[in-house]
Protein chains: 4
Amino acid sequence: MKVLVDLCIVPIGVGVSLSAYIAECENILAGAGLKTSLHSYGTNIEGEWEAVFAAIKRCHETVHGMGAPRITTTIKLGTRTDRHQTMEDKVNSVKEKRIGAWSTSRTEK
Amino acid sequence: MKVLVDLCIVPIGVGVSLSAYIAECENILAGAGLKTSLHSYGTNIEGEWEAVFAAIKRCHETVHGMGAPRITTTIKLGTRTDRHQTMEDKVNSVKEKRIGAWSTSRTEK
Amino acid sequence: MKVLVDLCIVPIGVGVSLSAYIAECENILAGAGLKTSLHSYGTNIEGEWEAVFAAIKRCHETVHGMGAPRITTTIKLGTRTDRHQTMEDKVNSVKEKRIGAWSTSRTEK
Amino acid sequence: MKVLVDLCIVPIGVGVSLSAYIAECENILAGAGLKTSLHSYGTNIEGEWEAVFAAIKRCHETVHGMGAPRITTTIKLGTRTDRHQTMEDKVNSVKEKRIGAWSTSRTEK
């Protein structure tokens, strides 16, 4: 089963600077061969369910190994059976609708 | 690795009534022998990482099998290495602090 | 507009013990007259949009005031126009479906 | 109070294609003068607390007005008092750490 995931890992008990932990998770996800896209509040991941969650587990293990005694993670997770949809498809689908709306409103004026 | 999870599964494309799908997921989680607690915006789950995520995957498969072409799920996921903490521990820890605050403020007045 | 919210506030940079901060937020929500229910990974809140988000803002201000330099919060937020639904309604709706399924399976066997 | 938000609005009861609703929300956020960045599982928003949540409320009102009887939204919300941090700062901070790690490992080999 293909999944689209938005992953946000928050190490707790290591101060306010978290980017070194996130960078290490990015390395893990890339090393697992997963397609990813980093944004300002998480990382989008596209892949097979098993591979994605195995990589997320390794992220938790690694962040604990780096010294974080506690982690809280937020995951959004999408699956669909009606059609295949990539990360880019989702963004493009929204952008096309916006362009459509603008063209229409321009034509109407 | 022990995990505390908050799971919220949202079937898309099956109308506005989602409780039959959630009920089926509750059955799956219980059938997997996981400790769970249903609340108004999700289900808390306590268990081993592998068992919990295997059950969540079965929930997605089952909800798709019930006719939902698309699912979006939100997961909060906590792990810690400093100490063992149950679902009840977390709630009690907050409640004790509130009682403490009330006693203190009462004493002060 | 009525909202059902699941609120999970995570202070960052104050160590691993977060319950004192959560307890203070519980006090704020209760003091705002909001209906709440604490669970192991957050707090369910029921109320009017403006009142709920004003209280959440006060939680952030207060937790910063208690010494947390950084906060990351996860909110699930539900609104509906088809009918009124309380926090209890949502839980009961799932529970009734589960009882129904059990009765059916018992009858079938 | 400045906030960084990750917003994911999910209309329920309108079928599986949600991009027209998301596009309309993008228009609302842009019309409110907020800095935004669309990704595959939500929209990052940067702005003042009041302006951001007023715009999110307008999104809910508008999506209901477009015919969605029910909406479930997931919000991640960050505030900090120790320093100002933009959306780009967060991404760059992670990217720099990754480059640093690569350089180090290259030098070591």
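Refer to the structure printed above.
Residues numbered from 1 in each chain as written. Chains lettered and ligands numbered in written order. Predicted model: local features only at pLDDT ≥ 70, side-chain atom pairs only at ≥ 80, totals over all residues. Heavy atoms only, no water.

As for the overall build of chain A
- For chain A, the helix and strand inventory stands at three helices and four strands.
- Reading chain A from its N terminus to its C terminus gives the helix and strand order β-α-β-β-α-β-α.
- Radius of gyration (C-alpha) of chain A: 18 Å, far over the 13 Å computed for a compact globule of 109 residues.
- With the C-alpha coordinates aligned to their principal axes, the bounding extent of chain A is approximately 60 × 35 × 20 Å.
- The contacts in chain A between residues at least 6 apart in sequence include a share of 74% that link residues at least 24 apart.
- Summing over all exposed atoms, chain A offers an accessible surface of approximately 4,500 Å²; the carbon and sulfur share of this is 52%.
- Distance between charge centres in chain A, computed from 14 positive and 12 negative side chains, equals 6 Å. (Helix = DSSP H or I, 4+ residues; strand = E, 2+ residues; numbered from the N terminus. Rg over C-alpha atoms; globule rule 2.2 N^0.38 Å. Contact = heavy atoms within 4.5 Å. Areas by Shrake-Rupley, 256 points an atom, 1.4 Å probe, with all protein chains shown as cover. Lys, Arg positive; Asp, Glu negative; His and termini not counted. Charge placed at Lys NZ, Arg CZ, Asp CG, Glu CD.)

So, the relation of the copies chain A and chain D
- When chain A is fitted to chain D, the residual RMSD is 0.0 Å, and the transformation amounts to a turn of 180° plus an axial shift of 0.0 Å. Interpreted geometrically, this transformation is the action of a two-fold axis. Taking C-alpha positions as the reference, the residue of chain A nearest the rotation axis is His39 of chain A, at 3.6 Å. (Least-squares fit on C-alpha atoms with pLDDT ≥ 70 in both.)

Quick notes on the interface of chain A and chain C
- The interface of chain A with chain C comprises 12 residues on the first partner and 12 residues on the second.
- Between chain A and chain C, the buried area comes to about 950 Å², and carbon and sulfur atoms account for 62% of it.
- Mapped onto the side of chain A that touches chain C, the elements with two or more residues apiece are β1 (2-12) and β4 (70-80) of chain A.
- Ranked by residue count, the leading element in the side of chain A that touches chain C is β4 of chain A, at four residues.
- Residue composition of the side of chain A that touches chain C, grouped by class: six nonpolar, five polar and one charged. (Buried area = accessible area lost by both parts, 1.4 Å probe. Nonpolar A, V, L, I, M, F, W, Y, C, P; charged D, E, K, R; others polar.)

Remarks on the interface of chain A and chain D
- The partner chain D presents 34 residues to the 33 residues of chain A that form the contact.
- Between chain A and chain D the total buried area reaches about 2,800 Å² when both faces are included, carbon and sulfur atoms providing 59% of it.
- Summed over the three residues of chain A that lose the most area to chain D, namely Ser40, Tyr41 and Lys76 of chain A, the buried surface amounts to 26% of that side.
- Across the chain A-chain D interface, the total number found is four salt bridges.
- The shortest N-O distance in the salt bridge between Glu26 of chain D and Arg98 of chain A comes to 3.9 Å.
- Connecting chain A to chain D are 23 residue pairs in polar contact (both at pLDDT 80 or more).
- Only β1, α1 (19-31), β2 (35-39), β4 and α3 (87-108) of chain A provide two or more residues apiece to the side of chain A that touches chain D. (Salt bridge = Lys/Arg side-chain N within 4 Å of Asp/Glu carboxyl O. Polar contact = N/O pair within 3.5 Å; in protein donor to acceptor, adjacent residues only side chain to side chain.)

Observations regarding the environment of Gln85 of chain C
- With respect to the secondary-structure elements, Gln85 of chain C resides in the loop between β4 (70-80) and α3 (87-108).
- Residue class for Gln85 of chain C comes out buried when judged on its relative accessible area of 12%.
- Along the primary structure Gln85 of chain C and Glu46 of chain C are separated by 39 residues, whereas in three dimensions their C-alpha atoms are 9.8 Å apart.
- Excluding residues within four positions of it along the chain, Gln85 of chain C makes contact with Leu4, Arg80 and Lys90 of chain C together with Arg70 of chain D.
- Within the local environment of Gln85 of chain C, its side chain forms a polar contact with the side chain of Arg80 of chain C, the two groups lying 2.8 Å apart. (Buried < 20%, exposed > 50% of the residue type's maximum accessible area, 1.4 Å probe, protein only.)

Focus: the sheet that holds strand β2 (residues 35-39) of chain B
- Read across the sheet, eight strands follow the order β2(A)-β3(A)-β1(A)-β4(A)-β4(B)-β1(B)-β3(B)-β2(B) without closing on themselves; strand pairing throughout is antiparallel. Among the strands making up the open sheet, the edge pair consists of β2 of chain A together with β2 of chain B. With strand direction ignored, the average angle separating the axes of adjacent strands in the sheet is 20°.
- Packed on one face of the sheet, α1 of chain A meets β1, β2 and β3 (42-48) of chain A and runs near 150° to β1 of chain A.
- Of the strands in this sheet, β1 (2-12), β2 and β3 (42-48) of chain B touch helix α1 (residues 19-31) of chain B, which is tilted by about 150° from β1 of chain B. (Pairing = 2+ DSSP bridges. Axes fitted to C-alpha atoms, helices over the stretch in contact; angles between N-to-C directions.)

Some details on the packing of aromatic side chains
- According to the stated counting rule, one finds six aromatic pairs over all chains in the structure shown.
- A centroid spacing of 5.0 Å and a plane angle of 40° characterise the contact between Trp49 of chain A and Phe53 of chain A, whose relative ring orientation is tilted. Remark: Phe53 of chain A and Trp49 of chain A occur in helix α2 (residues 49-65); sequence separation between them is four residues, near one turn of the helix. The same class applies to Trp49 of chain A as to Phe53 of chain A, namely buried.
- Ring-pair connections join several aromatic residues into one group, and the members of that group are Trp49 and Phe53 of chain A together with Trp49 and Phe53 of chain B.
- The aromatic ring of Tyr41 of chain D is capped on one face by Lys90 of chain A, whose charged end is 3.9 Å from the ring centroid. (Phe/Tyr/Trp six-rings, centres within 6.5 Å; stacked < 30°, edge-to-face > 60°. Lys NZ or Arg CZ within 6 Å of the ring centre and 35° of its normal.)

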